[in-house]
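# Examination of the molecular architecture
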Amino acid sequence: TAPVRAIPRGFVSAFSMMKLSPDERVVIIPLLPSADMRWQADSNVTGALVGCYGIAPEPSGKAAICHTQRRPTAAYLNALEQGQPRAKKPPSAAQLRADLGYWRLTALVAVTSRDSALGTYLTRTFGPPTIQRGSVLAWRHYGPGYLTAR
């Protein structure tokens, strides 16, 4: 088993500043469902995590894992964060719009620095982060609608 990843420096502060309600959707990059859910649970921050999983009953009543479909944009962002070669080609504008539409995000949180490849891509795509605390950058959409690329 992999070691438990510590809550990133600035994670709680960034979420606190975003003031998300429990039903507002947020994706955390790197998208590591077990770590993301653990960070949320251990820090008691609000927001509905996108891209994670849960255990729910099947029609037969048997417990089963249910999860959301991994989107191409998430795979690219994870690869970019990890410095993997497949991160060379970003998703097309159409794919990015489709994935953002599927997620219906209020916020995107990245555990990275502003000058990293991931931070640079996200800033180019969404503009400057709304919040920067420790090792966390966050983009928060306010008002009706959802987070969109510029």
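Just above, that's the structure.
Values in this document were obtained by computation on a predicted structure and should not be read as measured data.

If you look at the biggest cluster of nonpolar residues, it comprises 23 residues, and the most contacted ones within it are L105, L108, L122 and W139. Among the elements of the structure, β1 (25-29), α3 (72-82), α4 (93-103), β5 (107-111), α5 (117-126) and β7 (136-140) are those that each provide at least two residues to this core. Element by element, the count of residues in this core is highest for α3, at five residues. Apart from the residues lying within four places of it in its own chain, the contact partners of L108 are V26, V27, L122, F126, L137, A138, W139 and L147. Core analysis: the next-biggest nonpolar cluster, separate from the first, contains 17 residues, F15, L20, I131 and A138 among them.

The next subject is the side chain of T73. As for its position among the elements, T73 is in helix α3. Judged by relative accessible area, which is 2%, T73 ranks as buried. Setting aside its immediate chain neighbours within four residues, T73 contacts P91, Q95, L96, D99 and W103.

Quick look at the packing of α3 against α5 now. Packing of α3 against α5 leaves a shortest axis separation of 7 Å and a crossing angle of 140°. The orientation of α3 relative to α5 falls into the category oblique. The segment α3 lies against α5, with Y76, L77, L80 and E81 engaging A117, L118, Y121 and L122. Among the residues forming the contact of α3 with α5, the class breakdown is seven nonpolar, no polar and one charged.

Once that is clear, we can look at the pairing of β7. The buried fraction of β7 amounts to five of the five residues, a majority that puts the element mostly inside the structure. With burial as the criterion, each face of β7 is covered, one bearing V136, A138 and R140 and the other bearing L137 and W139. Across five bridges, β5 lies against β7 in antiparallel orientation. Across the sheet, the residue bridging to A107 is R140, located in β7. Strand direction decides the pairing type here: strand β6 (residues 131-133) and β7, joined by three bridges, are antiparallel. Residue pairing in the sheet places R133 in a bridge with V136 of β7. The hairpin formed by β6 and β7 contains two residues between the paired strands, and G134 there has a positive phi angle of roughly 55°.

What counts and how
Residues numbered from 1 in each chain as written. Predicted model: local features only at pLDDT ≥ 70, side-chain atom pairs only at ≥ 80, totals over all residues. Heavy atoms only, no water. Core = buried A, V, L, I, M, F, W, Y, C linked by side-chain atoms within 4.5 Å. Buried < 20%, exposed > 50% of the residue type's maximum accessible area, 1.4 Å probe, protein only. Helix = DSSP H or I, 4+ residues; strand = E, 2+ residues; numbered from the N terminus. Contact = heavy atoms within 4.5 Å. Axes fitted to C-alpha atoms, helices over the stretch in contact; angles between N-to-C directions. Parallel < 35°, antiparallel > 145°, perpendicular 65-115°, else oblique. Nonpolar A, V, L, I, M, F, W, Y, C, P; charged D, E, K, R; others polar. Pairing = 2+ DSSP bridges.

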